[in-house]
Amino acid sequence: MIEVEMLDVGGKKLLGLKVDLPNAPLLLLIHERLVVGCGYISVEAMEKVGNAACVVRGVRSFQDVSSAEIAELTSKAEELGVRRGMKVEEALEML
């Protein structure tokens, strides 16, 4: 099953994408300036194509993603002020 939802996280509008896979869902929150994804997402690939992106771990829902701590991020995300260990909600508030 694929779930697509418009979300409001910290006053920011995001597109939420959830794909149910056998063992754990693939989750993405997409903002116009930042992509937040679960551990399925490759920071190296996002870096290579120049996206501001970060990865969170141990999440199973959109709410989990928005309240999780950032585990990995691209240099473009760092340029926006995003830092490892920061909560996703905090990062979005800065944008």
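Attention in this report is confined to the structure presented alongside it.

A cluster of like negative charges, contributed by Glu44, Glu47, Glu78 and Glu79, occupies part of the molecular surface. With respect to the helices, strands and loops of the structure, Glu47 is situated in helix 1 (residues 43-49).

All right, on to the side chain of Lys12 then. With respect to the helices and strands, the residue Lys12 is situated in strand 2 (residues 12-19). The buried charged residue Lys12 lacks any salt bridge, with Glu32 as its nearest oppositely charged partner at 7.9 Å. Of the polar contacts made by the side chain of Lys12, one reaches the backbone oxygen of Leu95; its length is 2.4 Å. Apart from the residues within four sequence positions on either side, Lys12 is in contact with Leu7, His31, Leu92, Glu93 and Leu95.

Turning to the pattern of salt bridges, a few remarks are in order. By the definition in use, this model includes three salt bridges. With a closest N to O distance of 4.0 Å, Lys18 and Asp20 form a salt bridge. Of the residues examined, Asp20 reaches a relative accessible area of 39% and is grouped as partly exposed. For Glu72, the salt bridge identified is with Arg57, shortest N-O distance 2.1 Å. Placement of the pair is Glu72 in strand 6 (residues 72-73) and Arg57 in the loop between strand 5 (53-55) and helix 2 (62-67), with a sequence separation of 15 residues. You can call Glu72 partly exposed: its relative accessible area is 21%.

The full count for this structure, using the stated rule, is zero disulfides. With no disulfide of its own, Cys38 lies 12 Å from the sulfur of Cys54, the closest cysteine sulfur. With a relative accessible area of 4%, Cys38 lands in the buried category. Residue class for Cys54 comes out buried when judged on its relative accessible area of 1%.

Basis of the calculations
- As a convention, each chain's residues are numbered from 1 in the sequence order in which they are written.
- Residue-level local features of this predicted model are given only where pLDDT is at least 70; pairs of side-chain atoms are given and counted only at 80 or more, and the full residue set underlies all totals for whole chains, interfaces and linings.
- The side-chain quantities take in all heavy atoms of the structure and omit both hydrogens and water.
- Each patch is assembled from residues with relative accessible area greater than 30% and no salt bridge, linking like charges that lie within 9 Å and nonpolar side chains (Val, Leu, Ile, Met, Phe, Trp, Tyr) that lie within 5 Å.
- Residue burial considers only the protein chains on display, and all accessible areas are found by Shrake-Rupley using a 1.4 Å probe.
- Each salt bridge in this description consists of a side-chain nitrogen of Lys or Arg and a carboxyl oxygen of Asp or Glu lying within 4 Å of one another.
- By the counting rule applied here, Lys and Arg register as positive and Asp and Glu as negative, while His and the ends of each chain are not counted.
- Taken as the charge centre is NZ of Lys, CZ of Arg, CG of Asp or CD of Glu, depending on the residue.
- The numbering of helices and of strands both runs from the N terminus, where a helix is a DSSP run of H or I of at least 4 residues and a strand a run of E of at least 2.
- Relative accessibility decides the category of a residue: with a 1.4 Å probe and only protein chains considered, values under 20% of the type maximum give buried, values over 50% give exposed, and everything between is partly exposed.
- Here a polar contact is recorded for every N or O atom pair within 3.5 Å, except that within protein the pair must consist of a potential hydrogen donor and a potential acceptor, and residues adjacent in sequence are included only if both atoms are side-chain atoms.
- Only heavy atoms enter the contact rule, under which two residues are in contact if any of them lie within 4.5 Å.
- The term disulfide is used for any two cysteine sulfur atoms that are within 2.5 Å.

From the geometry alone we can't say anything about function, so treat these as descriptive.
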